[in-house]
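# A look at the structure
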Amino acid sequence: QVQLVESGGGLVQAGGSLRLSCAASGRLFSINAMGWYRQASGKQRELVAAITNDGSTNYADSVKGRFTISRDNAKNTVYLQMNSLKPEDTAVYYCNARVHIISTSDYWGQGTQVTVSS
């Protein structure tokens, strides 16, 4: 079992920055990858950024060059640094942990609202 606690969301002006944090606890040895998803009003949840256990990352095209995913293994925490924020980045951001033992399961944080004003 994995528990995820997110923080760092809020209201920011266009062009500003935020850093989201996701602290993981539980059976951490079973986590294969972690990532950030977002869901804007009226839209489907989409992958923003992900990082695997070997350090490989991938990003949505819409955030490449602006967002950076990173991890601090000592703190069991994954971060999403968001720079040059745009109003279209407004969404609820969810932390995800993917676990594979026999089958694959996804665990989710509660979500944190990011609102970018124009």
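Definitions and limits used
- Residues numbered from 1 in each chain as written.
- Predicted model: local features only at pLDDT ≥ 70, side-chain atom pairs only at ≥ 80, totals over all residues.
- Heavy atoms only, no water.
- Pairing = 2+ DSSP bridges.
- Helix = DSSP H or I, 4+ residues; strand = E, 2+ residues; numbered from the N terminus.
- Axes fitted to C-alpha atoms, helices over the stretch in contact; angles between N-to-C directions.
- Salt bridge = Lys/Arg side-chain N within 4 Å of Asp/Glu carboxyl O.
- Buried < 20%, exposed > 50% of the residue type's maximum accessible area, 1.4 Å probe, protein only.
- Polar contact = N/O pair within 3.5 Å; in protein donor to acceptor, adjacent residues only side chain to side chain.
- Contact = heavy atoms within 4.5 Å.

### Focus: the pairing of strand E5 (residues 46-52)
- Where strand E4 (residues 31-39) meets E5, six bridges bridge the pair, whose relative direction is antiparallel. Its bridge partner being in E5, Gly 35 is matched across the sheet by Ala 50.
- Taken together, E4 and the strand that follows it, E5, pair antiparallel across an intervening segment of six residues, in which Gly 42 is found at a positive phi of about 80 degrees.
- Bridge analysis of E5 against strand E6 (residues 57-59) gives three bridges, and the strand direction is antiparallel.

### What to know about the sheet that holds strand E8 (residues 77-82)
- Read from one edge of the open sheet, four strands run E1-E3-E8-E7, paired in antiparallel fashion. Edge strands, defined here as strands with exactly one partner in the open sheet, are strand E1 (2-7) and strand E7 (67-72). Direction aside, neighbouring strands of the sheet carry axes that sit 20 degrees apart on average.
- Looking at chain direction, strand E3 (residues 18-26) and E8 are connected through six bridges and run antiparallel.

### Structural notes on the pattern of salt bridges
- Under the counting rule described, the total for this entry stands at five salt bridges.
- Between Lys 64 and Asp 61 there is a salt bridge, with its nearest N and O atoms 3.0 Å apart.
- Note on Asp 61: relative accessible area 64%, which makes it exposed.
- A salt bridge links Asp 89 to Arg 66; the nearest nitrogen and oxygen atoms lie 2.8 Å apart. Residue Asp 89 is located in the loop between E8 and strand E9 (91-100), and its partner Arg 66 is located in the loop between E6 and E7; the two are separated by 23 residues in the primary sequence. Summarising the burial analysis for this pair, Asp 89 and Arg 66 share the class buried.
- Connected through shared salt-bridge partners, Arg 38, Glu 46, Arg 66 and Asp 89 make up one network.

### Side note on the side chain of Thr 77
- Within the secondary structure layout, Thr 77 lies in strand E8.
- Here the side chain of Thr 77 touches Lys 75 through a polar contact of 2.9 Å, landing on its backbone oxygen.
- Aside from chain neighbours lying at most four places away, what touches Thr 77 is Ser 21, Cys 22, Ala 23, Ser 70, Arg 71 and Asp 72.

### Here's the deal with the pairing of E1
- Residues Val 2, Leu 4 and Glu 6 line the buried face of E1, whereas the alternating positions Gln 3, Val 5 and Ser 7 sit on a face that is not buried.
- In the sheet, E1 pairs with E3 via six bridges, with the strands oriented antiparallel. When the sheet's bridge partners are listed, Glu 6 is paired in E3 with Cys 22.

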